[in-house]
Amino acid sequence: MTATLIERLTATLRDVPDFPSPGILFKDITPVLADPALMRDLITAMVAPYLGAGVTHIVGVESRGFLFGMPMALQLGVPFAPARKPGKLPWYTDRESYDLEYRSDVLEMHTDAVGAGARVLVIDDVLATGGTAAATCRLIERLGGNVVGASVLVELGFLHGRVRLAGRDVHAVVTFQA
């Protein structure tokens, strides 16, 4: 990953104050999605640390994790599975509750999304407090998978989300400390 990619990303990401609630500074990735060359480079940077890790499945976290996870799954030639909000998946599901910096939530996955021994890479856009990523990891493990790591576009380092992912490999393309 080059400094140029980080510079391009930080120049393209948009800060939205008080979204989705007062006091939150939201990192909007929408402008990144509008730049195909930047998206290509970003996907390459997000998957690169895991090329030799024996990943057998990608799990993308609703909903922005889908945007990055599916192209990564195609690049690796492995299945993609979504971790979704309750009631969005049409098959048998398992669920995991978790806390965010501004509310509580639940994620669900199909019970057959990852099999026993699957080597799973978790993908999301932002690592904040780590609640969503940790819940996704617990859910994958309950379904029989092994979490290889988590790869994100942005890490909000000042929220210490890596603490909830202690002992797991976490890769962020860009980290903000304040």
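Our subject is the structure listed above.
Keep in mind that what you see is a predicted model, and the values were worked out from it rather than measured.

Colleague: Tell me about helix α4 (residues 64-76), and name the residues and values.
Modeller: The terminal C-alpha atoms of α4 lie 19 Å apart, and with 13 residues this matches the ideal 18 Å at 1.5 Å per residue to within 8%. Within the sequence span of α4, burial applies to Gly65, Phe68, Gly69, Met72 and Ala73. Buried residues of α4, viewed axially, fall in a sector of 135°; they line one side. Close packing links the buried residues of α4 with α2 (30-33), α3 (36-47), β3 (57-61), β4 (80-83), β7 (119-127) and β8 (146-156).

Colleague: An account of the sheet that holds strand β9 (residues 170-176) is needed here, citing residue identities and associated values.
Modeller: Reading across from one edge, β4-β3-β7-β8-β9 is the order of the five strands in this open sheet, with parallel pairing throughout. Across the chains shown, the open sheet's two edge strands, defined by having one partner strand only, are β4 and β9. Averaged over neighbouring strand pairs, the angle between their axes works out to 20° when direction is ignored. Examined bridge by bridge, β3 and β4 share four bridges and lie parallel to one another. Paired with glycine 60 across the two strands is proline 82, which belongs to β4. Running over the sheet, α3 touches β7, β8 and β9 and is turned about 130° from β9.

Rules used in this analysis
Residues numbered from 1 in each chain as written. Predicted model: local features only at pLDDT ≥ 70, side-chain atom pairs only at ≥ 80, totals over all residues. Heavy atoms only, no water. Helix = DSSP H or I, 4+ residues; strand = E, 2+ residues; numbered from the N terminus. Expected span 1.5 Å × (residues − 1). Buried < 20%, exposed > 50% of the residue type's maximum accessible area, 1.4 Å probe, protein only. Arc of directions from axis to C-beta. Contact = heavy atoms within 4.5 Å. Pairing = 2+ DSSP bridges. Axes fitted to C-alpha atoms, helices over the stretch in contact; angles between N-to-C directions.

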